[in-house]
2 protein chains.
Amino acid sequence: MSPKKPNGISTTPCQQCPLRDLPHFRDFSSSELDFVSRFKTGELAVESGSVILMEGSHSAHLYTVLAGWAFRYKTLEDGRRQILNYVMPGDLVGLQGTVMGEMQHSVEALSPVTLCVFERSRLNNLFTDHPTLAYDLTWIAASEERMLDSHLLSIGRRTALERAAYLIAFLYSRAKAVALLQGEATIPVTQQHVADTLGLSIVHTNKTLRKLVDRGLIRWTDKGCLVLDDAGLAQVAGWESDGKRQRPFI
Amino acid sequence: MSPKKPNGISTTPCQQCPLRDLPHFRDFSSSELDFVSRFKTGELAVESGSVILMEGSHSAHLYTVLAGWAFRYKTLEDGRRQILNYVMPGDLVGLQGTVMGEMQHSVEALSPVTLCVFERSRLNNLFTDHPTLAYDLTWIAASEERMLDSHLLSIGRRTALERAAYLIAFLYSRAKAVALLQGEATIPVTQQHVADTLGLSIVHTNKTLRKLVDRGLIRWTDKGCLVLDDAGLAQVAGWESDGKRQRPFI
DNA sequence: CGAAAAGTTGACTCTCATCAAGATGCGTGG
DNA sequence: CCACGCATCTTGATGAGAGTCAACTTTTCG
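These numbers come from a predicted model, not from an experiment.

Caption draft 1: Broad picture of the UniProt feature "domain: HTH crp-type" (unreviewed entry) in chain A. Within the UniProt annotation, "domain: HTH crp-type" (unreviewed entry) is assigned to residues 158–231 of chain A. Helix and strand shares over residues 158–231 of chain A are 55% and 11% respectively, and the end C-alpha atoms of the span are 18 Å apart.

Right, dumping it as C-alpha cells:
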C-alpha cells in the first residue's frame, strides 16, 4: 500500500519506485536515493487529455513521469500543431521551464498519467551536492536531443510510409523498455496524433497507416495502435536499433 | 598576440577569449575561468568543408566553437541527408559522444573553424567541482533542445516559403548575437545546405528562395545569403523572437 | 583551358492536402 | 431505451505543391 501524505494524495516512496526494478534504469546509491526522495515533494495525477504544461507558462514545476503516456507539442498561431516527442515513465518533464525560465512547448496526457513533483528551488542542491545526478540530468538532456535528431531526419527525409513505420517502431521500442506494453496493450494514439507527429494531413496519414495494416505490420483498434510485426516495421522504416544501454533517471 | 604551445599551435588563453566580451554570454567568476582554462587542452583549426565529427565515432573529444560556422547532420544509408542544426561560436560540439558513448550525428565545417579542445576525462571534475558550470551544461543542452523543437515545428508544419524565411531569420538572429555577421558578411551556405535543412529538393529550394529574393528580403551571392530585411523575413516566417537573455558557455 | 560545383529554368509526374460524404462507436440526456 | 451529438476512422475526387529529369549558365580552381 502507498502511504498517504497529509494532503490525502497517496505517493510512492522513491525507495519502492517500481521503475527502479526495470533493467532499463541504472541503480542508485543509497545517498542518491535519499536525496531524490527528499527532492520529491509529491505526486500529481492527471487524466487522459489534460494539459500538464502549457507553452509560455513560467511557474513550471519539474516532473518525472511515474506512469502513463504523454506528448510534447508546439502550435502555430493558426492552430497547426506539431508533436515533438512522446513522454513515457522515467522521462523528465519541465526541465526547460526550470532552467530557461519559460516553457516553449506544451505537454498533454495521452492516458491517465502519474507524475513525481520536484521542488524547483532544490535543483541547485542537486548540482552542488550530487554531481552524479547532475551528470544524469545532462545525460537525459542529451538523450532527448538524440531523439529529436532522429525525428528531424525522419520528417525531413523519409517518405510518408517510412515515417509512419519509423514512428511506430520508435514508440514500440521505447514503451517496451519501460514495460508499458504488457499483453495486448496498444499505443494510445489517434491517427490525428500520428498525423501531427509526422507532419502529414489526417487523410493522408490514414491512407498511409492502411498500407501498414494491409501488410500485416500493425492493427488499428479503437484504443490505438497494436504492433504485430516490429521487425517488419523496422525494415520498412530503415531503423537502426541503438542497443540496450542502461539509462539514468531521477 | 596568441602565445605558442610547444606543439606550435597558437592558442587563445580563456582569460582573453574574445567571446567573453560579447554581451550575449554571461560573465564567469575567476574560479570558473581558472577551471575552464585548465580544462582546455588545445585548439583545433579545420578548413571549410572538413568533417569535424563523424556519426558512429567513439573517441569524440569535447569542443567549443571559438570561431566559424559548422552544421550537424545525419544521413540515411541511401545518401539522403538532413541538416539538424547549425553550430556557431560558443556552441558545444561532441557532448553526445562524451556522455552517451557514440556520436549519432556528424559535424562539418561551413567556413574555417577554430575549436577549443577539452579533455574528456576531466569532465567529471567539472561536475564535482563546479556545479555552476554543470548547470550551464544542462542549460546549453536544454537550449539545443529548444532549437530542435522549433525546427521540427518548422519542417513539420510550415509551408516551404515560411520554412525558408524562418531558417534564414533564425541563422541571422543567432549569428548577429555572436557578432558573426559584421559588415556585408553573408550566411555561408549553399542552396544544397538550405534544401537539406528544410527537407526539400534543391530545385524547389531554388524556386522558393527566388521568391524571397524577388520580395527584396534577401540577396543570394556566390558566398551565401545576405539578409536585406530581417523584419520582413520574420513576418513571412511567423517568427517570434525569444528575447535577449544572456546565455552561458564553456 | 577544361572540369567541377553552384545556381537557374522549364516540363512532366507523383505525392500529399483539401474538400466532401459517410460509417462507426460512444456518452449523455430525454 | 432511444436519439442525438461528437470523435474517430474511412474513402473518393480534385488540385496544389514538391520531386525528378534535363539542359544550360556562371563561377571557381587547378
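Now that the structure is up, let's keep going.
Caption draft 2: Structural detail: the protein's contact with DNA strand D. Residues in close proximity to DNA strand D total 14 residues, the closest being Gln191(A), Asn206(A), Arg210(A), Trp220(A) and Ser201(B). Protein-proximal atoms of DNA strand D, defined as those within 4 Å of the protein, fall in sugar or phosphate at a share of 68%. Lys207(A) is positioned with one of its side-chain polar atoms (N or O) 3.5 Å from a base nitrogen of DNA strand D. Taking Trp220(A), its side chain carries an N or O atom lying 2.9 Å from a phosphate oxygen of DNA strand D. The set of elements that each furnish at least two residues to the surface near DNA strand D consists of α7 (202–214) of chain A together with α7 (202–214) of chain B. A per-element tally of the surface near DNA strand D places α7(A) first, with four residues. Classifying every residue of the surface near DNA strand D gives five nonpolar, six polar and three charged.

Caption draft 3: Here's a closer look at the nonpolar core. In this structure, Leu126(A), Leu212(A), Leu126(B) and Leu212(B) are the most contacted members of the largest nonpolar core, which totals 132 residues. The contacts of Leu212(B), once residues within four sequence positions are left out, are Leu161(B), Ala164(B), Ala165(B), Ile168(B), Leu217(B), Ile218(B) and Leu233(B).

Caption draft 4: Representation of the pattern of salt bridges in the model. Within the structure shown, the criterion is met by 30 salt bridges over all chains. A salt bridge links Lys40(B) to Glu43(B); the nearest nitrogen and oxygen atoms lie 3.0 Å apart. Residue Lys40(B) shares its accessibility class with Glu43(B), and that shared class is buried. For Asp91(B), the salt bridge identified is with Arg247(B), shortest N-O distance 3.1 Å. Residue Asp91(B) is found in the loop between β5 (81–87) and β6 (92–93), and its partner Arg247(B) is found in the segment after α8 (230–237); the two are separated by 156 residues along the sequence. Grouping residues by exposure puts Asp91(B) and Arg247(B) together as buried. Linked through salt bridges whose partners overlap, the residues forming this network are Arg72(A), Glu144(A), Glu145(B) and Asp149(B).

Caption draft 5: Representation of the protein's contact with DNA strand C. Residues in close proximity to DNA strand C total 14 residues, the closest being His204(A), Gln191(B), Asn206(B), Arg210(B) and Trp220(B). When atoms of DNA strand C within 4 Å of the protein are split into backbone and base, the sugar-phosphate part holds 68%. Within the side chain of Arg210(B), one N or O atom sits 2.9 Å away from a phosphate oxygen of DNA strand C. Here the element with the most residues in the surface near DNA strand C is α7(B); it accounts for four residues. Partitioning the surface near DNA strand C into residue classes produces five nonpolar, six polar and three charged.

Caption draft 6: Seen up close, the domain arrangement of chain A. All names here are of chain A. With domains assigned, chain A is organised as domain 1 (12–136) and domain 2 (154–235). Averaged C-alpha coordinates put domain 1 and domain 2 at centres separated by 25 Å. Per-residue buried area on domain 1 facing domain 2 is highest for Trp-69, Tyr-86 and Met-88; these three make up 40% of the total on that side. At the surface where domain 1 touches domain 2, the tally comes to two salt bridges. At the junction of domain 1 with domain 2, the criterion picks out seven residue pairs in polar contact (both at pLDDT 80 or more). At five residues, the largest contribution of residues to the side of domain 1 that touches domain 2 is made by strand β5 (residues 81–87). The class makeup of the residues in the side of domain 1 that touches domain 2 is nine nonpolar, four polar and two charged.

Caption draft 7: Summary view of the sheet that holds β5(B). Residue and element names in this part refer to chain B. The four strands are arranged β2-β7-β4-β5 in an open sheet whose pairing can be described as antiparallel. Each having just a single partner strand, β2 (51–53) and β5 make up the two edges of the open sheet. Going from strand to strand, the sheet's axes swing by 35 degrees on average, the running direction of each strand aside. The sheet contact formed by β2 and strand β7 (residues 106–109) spans two bridges and is antiparallel. Along β7, the bridge assignment pairs Val-51 with Glu-108. Sheet strands touched by helix α6 (residues 191–198): β4 (70–75) and β5. Its angle to β5, the strand with the most contacts, is close to 105 degrees.

Caption draft 8: View of the packing of aromatic side chains. Residue and element names in this part refer to chain B. Counting across every chain of the model gives 16 aromatic pairs over all chains. Consider the rings of Phe-25 and Phe-249, whose centres lie 4.4 Å apart with planes at 45 degrees: the pair is tilted. Of this pair, Phe-25 sits in the segment before α1 (30–39) while Phe-249 sits in the segment after α8, and the two are 224 residues apart along the sequence. We note that Phe-25, like Phe-249, is buried.

About the criteria used
Along each chain, residues carry numbers from 1 onward, in the same order as the chain's sequence is written. Here the convention is simple: chains get letters from A, ligands get numbers from 1, in the order in which they are written. Where local features are concerned, this predicted model is filtered to residues with pLDDT of at least 70; where side-chain atom pairs are given and counted, the filter is 80 or more; whole-chain, interface and lining totals use all residues. The basis for the side-chain values is all heavy atoms of the structure; hydrogens and waters are excluded. UniProt positions are given in the numbering used here, feature names are shortened, and annotations may be inferred rather than shown by experiment. By the criteria applied, helices consist of DSSP H or I runs no shorter than four residues and strands consist of E runs no shorter than two, each listed in order from the N terminus. By convention in this text, a residue qualifies as near a molecule or strand provided that one of its non-hydrogen atoms is within 4 Å of it. The term polar contact refers here to a pair of N or O atoms within 3.5 Å; inside protein, the definition further demands a hydrogen-donor-capable atom paired with an acceptor-capable atom, and it admits residues adjacent in sequence only when both atoms are side-chain atoms. Amino acid classes used here: Ala, Val, Leu, Ile, Met, Phe, Trp, Tyr, Cys and Pro are nonpolar; Asp, Glu, Lys and Arg are charged; the rest, including Gly, are polar. Only buried Ala, Val, Leu, Ile, Met, Phe, Trp, Tyr and Cys residues count toward a nonpolar core, and they belong to the same one when joined by side-chain atoms within 4.5 Å. Classification of residues uses two cut-offs on accessible area relative to the type maximum, computed with a 1.4 Å probe and protein chains only: under 20% is buried, over 50% is exposed, and between them is partly exposed. Working rule for contacts: check all heavy atoms of both residues, and any pair within 4.5 Å makes them a contact. By definition here, a salt bridge exists when the distance from a side-chain nitrogen of Lys or Arg to a carboxyl oxygen of Asp or Glu is within 4 Å. The domain boundaries here were taken from an automatic or database domain assignment. By buried area we mean how much accessible surface two parts lose on assembly, using a 1.4 Å probe and totalling the loss over both. The criterion for strand pairing is that DSSP finds at least two bridges linking the strands in question. Axis definition: a line fit to C-alpha positions, over the contact stretch in the case of helices; interaxial angles, taken between N-to-C directions, run 0 to 180 degrees. Two aromatic rings, drawn from Phe, Tyr or Trp (for Trp, its six-membered ring), form a pair once their centres lie within 6.5 Å of each other, and the interplanar angle then sorts them: stacked below 30 degrees, edge-to-face above 60, tilted otherwise.

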